[in-house]
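These are the residues of each chain, in order.
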Amino acid sequence: MASSAGLLLLLLLSIQSRVEGTADQEAVVCAGTACYTAHRHKLSAEDAQLHCSKKGGNLATVKSEEEAWHIQGALTQLLLLGAPLQERPIKFWIGLQREKGTCSDSSLPLKGFSWLGDGEDSQYSNWNKDVKNTCIQRRCASLILDPSVPGLASSLSKWADGPCGNSGFPGSSIQGFVCKFSFKGMCRPLTLGGPGQVNYTTPFQATSSSLQAVPFASVASVACEDGDEGRQHYFLCKEKAPSMFDWDSSGPLCVSPKFSCDFNNGGCQQDCFEGGDGSFRCGCRPGFRLLDDLVSCASRNPCSSSPCGGEATCFPGSLGTDFTCHCPPGYQLDSTQRDCVDVDECRDTPCAQDCVNTPGSFRCECWVGFEPGGPEEGTCVDVDECAPGHSPCAQSCTNTEGSFYCSCEEGYELAGEDGTQCLDVDECEVQQGGLCDSLCFNTEGSFRCGCLPGWELDPNGVSCTGGPMSLGPPTRSPLGEDMGDGERGLQFSATVSSPSGDNPEGTSTVAPSNRISSLPARVPISQPPPEMLAPSATPGVWMEPSTYHPTATTGHRESAGKDSTAKQSDQGTDGQQLLLFYILGTVVAILLLLALALGLLVCRKRRAKREEKKQQPQSAADSYAWVPERAESRAAENPYSPTPGTDC
């Protein structure tokens, strides 16, 4: 009794809401676990979403081609209701939107848009053209429907993006919207065994008599025409068992002995068997069993209808009335216990370094500088970047854990963007002549010292001392003049190697000891010295090989010393004279330049004075000629003059 009163109250509320609601036209299509309603009412996207949410739904999602066909069916039904539409493309809002500040992404199927309700992305899309690339405006998607195109129900509507509109102006082409309502299950449509009418009222207040699937908690109103005219029967779609939905009725409805099995197969799903008195009953084919409603049939194998979805596999129960779903490795059952979802194995950190989850499995990856290896699966070992033949460094390479670094030999420094190349260091430039007392020559990876004419390099390879019998300090000739003809004017060290009998220690000594301690100026030179230079014993320092060889007799040694002294003296005198000529020539040139500048200055001053005189204005007195006064007047003017006409 209480159940019947509740059904009547629900029916009255639904009728009242339809009377008080808007007068917009709508069409309903239900399939799977969702119902779609197409509305012909001009609203903005925000108002359309509000309309759907008040009834428990959202603007429709189109996440698959199957779902797109369901929506296309609802739109096709809508076009058959009411006045015909104009033969021009019209649009219906769907639940695909992009918020302000979110830019489009052409690499994604949804182009940066997201579905209302769950916000999840989908791989299916059906854009009419590229979306507008803007981030400063909220954008909404709609379905384009062209009533002038024949076969509208056989082609899917394209998507278009545009402004979301407002309450006063939803959009010039917007004619309606599509809502989606999700349910936990569906009931089959009721089948009548005699003449009658069935109307379904859904929880979202939609009414239809042609639903292919009726959502859970819907009310069915049955009016029989034969025998029970004017009387209606109400039935409710209920969940009789987990994931099993059916009506709270049994036996065929509107049964009439006059029609028996001739009308709609007596309301039976499979077989109808007539009795002798005009009665009949329903039956099932082999392999099926009759359900509790005495009309419907179900397979004796509960897995025959494939109740498990996705990766799940159905296993029938021991009695053949129930079943269970099982998932393969890497998956687990979802909340419905009928489908499988992927297990994220990476949450348990099975890898030594990086873990990438994949559908039903995972894979391990190594960081940069490592590679898979080791006795256990998923372990990583260091890559030896400095292995022979694979080193990226120009000189020295040092391998580290997961990386490496390059280094250079003495006399070089790291260079290049990646720090793998070596560049020669110009020691003569870096030290500003501090390495050598006089001349410095840079070489590849090192340097060598030299001396000016009249000087010799000490055995230390750095200092310079005066030549034998030198009468004064050497002249310091400019670098550019002394470097001509293969550095003809430069003098390098002259070392003497004593025989082993004279010098048991085998050390190198310098020939004559009478040398002046004053040193020439330090002059760094970047170009290399003559080829006759040889490396000294000191690392990084080069000296000229010896050109003097002592003999056993003292006389010969003295003669050689005198010749060497005379040669050194002549070279020093020539250098001093040449330097004096250079200085005198420079002074004369400077004096000539000064005289020329002074002459130009005097000439300019004279020219300026002449121009000033020309520009001065003439006075009025310059146009008159002065006449000398007469003698008589001068005499009259001088009363003291003794002689008239004179002043004295």
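Conventions adopted
- Residues numbered from 1 in each chain as written.
- Predicted model: local features only at pLDDT ≥ 70, side-chain atom pairs only at ≥ 80, totals over all residues.
- Heavy atoms only, no water.
- UniProt positions renumbered as here; feature names shortened; annotations may be inferred.
- Helix = DSSP H or I, 4+ residues; strand = E, 2+ residues; numbered from the N terminus.
- Buried < 20%, exposed > 50% of the residue type's maximum accessible area, 1.4 Å probe, protein only.
- Areas by Shrake-Rupley, 256 points an atom, 1.4 Å probe, with all protein chains shown as cover.
- Patch = residues over 30% accessible without salt bridge, like charges linked within 9 Å, V, L, I, M, F, W, Y side chains within 5 Å.
- Salt bridge = Lys/Arg side-chain N within 4 Å of Asp/Glu carboxyl O.
- Lys, Arg positive; Asp, Glu negative; His and termini not counted.
- Charge placed at Lys NZ, Arg CZ, Asp CG, Glu CD.
- Core = buried A, V, L, I, M, F, W, Y, C linked by side-chain atoms within 4.5 Å.
- Contact = heavy atoms within 4.5 Å.
- Pairing = 2+ DSSP bridges.
- Expected span 1.5 Å × (residues − 1).
- 1 Å grid on protein atoms, 1.4 Å probe; cavity = no way out; pocket = protein on both sides within 12 Å on 5 of 7 lines; lining within 4 Å.
- Points joined across faces, edges and corners; volume = space filled by probe spheres on them.
- Nonpolar A, V, L, I, M, F, W, Y, C, P; charged D, E, K, R; others polar.
- Disulfide = S-S within 2.5 Å.
- Phe/Tyr/Trp six-rings, centres within 6.5 Å; stacked < 30°, edge-to-face > 60°.
- Lys NZ or Arg CZ within 6 Å of the ring centre and 35° of its normal.

Looking at an unreviewed UniProt entry, one finds the chain named CD93 molecule, with Moschus moschiferus as its source organism. Recorded in UniProt for the chain, the comment headed Subcellular location (unreviewed entry) runs: "Membrane".

Caption draft 1: Structural view of the overall build of the chain. Looking only at helices and strands, one finds eight helices and 40 strands in the chain. Here the chain, with 648 residues, has 33% of them falling under the buried criterion. A total accessible area of about 38800 Å² is found for the chain, and carbon and sulfur atoms account for 54% of it.

Caption draft 2: How the structure looks around a positive patch on the surface. The grouping of R604, K605, R606, R607, K609, R610, K613 and K614 at the surface amounts to a positive patch. Locating R604 in the fold gives a position in helix α7 (residues 554-615).

Caption draft 3: Fine view of the nonpolar core. In this structure, W93, F177, L190, Y200, V222 and W247 are the most contacted members of the largest nonpolar core, which totals 36 residues. At the level of elements, β1 (25-31), α2 (45-54), β8 (174-182), β9 (186-187), β10 (196-201), β13 (219-224), β14 (232-241) and β15 (244-247) are the ones that each hand at least two residues to this core. Sort the elements by how many residues they give to this core and β8 lands first, with four residues. Dropping the residues within four chain positions of it, W247 is found in contact with C187, R188, P189, L190, Y200, V214, S218, A220, F235, L236, C237 and K240. Listed in part, the 28 residues of the second largest apolar core include A60, A74, F113 and A141.

Caption draft 4: Summary view of the sheet that holds β15. Reading across the sheet, the five strands line up as β11-β10-β13-β14-β15 and stay open at both edges, with antiparallel pairing between neighbours. Among the strands making up the open sheet, the edge pair consists of β11 (207-208) and β15. As defined by bridge partners, β10 adjoins β11 across two bridges and the pair is classed as antiparallel. Along β11, the bridge assignment pairs Y200 with S208.

Caption draft 5: Region of interest: helix α3 (residues 65-79). Between the first and last C-alpha of α3 there are 21 Å, a value that for 15 residues agrees with the 21 Å anticipated at 1.5 Å per step. Looking at α3, one finds that the buried residues are E67, A68, I71, Q72, A74, L75, T76 and L78.

Caption draft 6: Structural context of the layout of surface pockets. For the largest pocket, the calculated volume is near 1800 Å³. The wall of the largest pocket is formed by 45 residues, among which S243, M244, F245, S305 and R338 lie closest to the centre. If you list the elements that add at least two residues to the lining of the largest pocket, you get β9, β14, β15, β18 (288-290), β19 (297-299) and β21 (323-326). Partitioning the lining of the largest pocket into residue classes produces 17 nonpolar, 16 polar and 12 charged.

Caption draft 7: Region of interest: the environment of G275. With respect to the element layout, G275 can be found in the loop between β16 (271-274) and β17 (280-283). Separated by 14 residues in the primary sequence, G275 and C261 have C-alpha atoms spaced 9.9 Å apart.

Caption draft 8: The pattern of salt bridges, seen in detail. Going through the model one piece at a time under the given rule, you end up with seven salt bridges. With a shortest N-O distance of 2.6 Å, K180 and E67 are connected by a salt bridge. Of the two residues, K180 sits in strand β8 while E67 sits in helix α3, which places them 113 residues apart along the sequence. Each member of the pair, K180 as well as E67, is classed as buried. Between E99 and R138 there is a salt bridge whose closest N-O contact spans 3.6 Å.

Caption draft 9: Representation of empty space enclosed by the protein in the model. Inspection of the entire model under this criterion finds two cavities of 30 Å³ or more. Approximately 70 Å³ is the volume found for the largest cavity. In terms of lining, the largest cavity is formed by R188, L190, T191, S249, S250, G251, P252, L253, D293 and V295. Residue composition of the lining of the largest cavity, grouped by class: four nonpolar, four polar and two charged. The computed volume of the second largest cavity comes to approximately 60 Å³. If you go around the second largest cavity, the residues you meet are V62, A68, I71, Q72, Y124, N126, L143, L156, S157 and W159.

Caption draft 10: The arrangement of the UniProt feature "domain: EGF-like" (unreviewed entry) in the chain in detail. Feature annotation in UniProt assigns "domain: EGF-like" (unreviewed entry) to the following positions: residues 299-337, 342-376 and 382-423. Within the segment residues 342-376, helix and strand shares are 0% and 40% respectively, and the terminal C-alpha atoms sit 25 Å apart.

Caption draft 11: The state of the cysteines, seen in detail. Following the criterion strictly, the structure yields 21 disulfides and no others. Between the sulfur atoms of C30 and its disulfide mate C35 the distance is 2.0 Å. Between C30 and C35, the disulfide has an S-S torsion of 110 degrees and is therefore right-handed. Of the residues examined, C30 reaches a relative accessible area of 5% and is grouped as buried. Across a sulfur-sulfur distance of 1.9 Å, C303 and C314 are joined as a disulfide pair. Taking the torsion about the sulfur-sulfur bond, which here is approximately -75 degrees, the covalent link between C303 and C314 counts as left-handed. Of this pair, C303 sits in the loop between β19 and β20 (313-316) while C314 sits in strand β20, and the two are 11 residues apart along the sequence. You can call C303 buried: its relative accessible area is 15%. Under the relative-accessibility criterion, C314 is labelled buried at 18%.

Caption draft 12: Just the packing of aromatic side chains, in detail. Taken as a whole, this structure holds nine aromatic pairs when the rule is applied. Aromatic side chains W127 and W159 sit 5.5 Å apart centroid to centroid with 80 degrees between the ring planes, which places their arrangement in the edge-to-face category. Of this pair, W127 sits in the loop between β5 (114-115) and β6 (139-145) while W159 is found in strand β7 (residues 158-163), placing the two residues 32 residues apart along the sequence. Comparing W127 with W159 shows no difference in burial state: the two are buried. Consider the rings of F181 and F204, whose centres lie 4.3 Å apart with planes at 5 degrees: the pair is stacked. Taken together, the residues F181 in strand β8 and F204 in the loop between β10 and β11 connect sequence positions 23 residues apart. The pair formed by F181 and F204 is uniform in burial state, with each residue classed as buried. Through pairs of rings, three or more aromatic residues link up here, namely F113, W115, Y124, W127 and W159. Above the face of the F216 ring, K184 is positioned so that its terminal group lies 5.7 Å from the ring centre.

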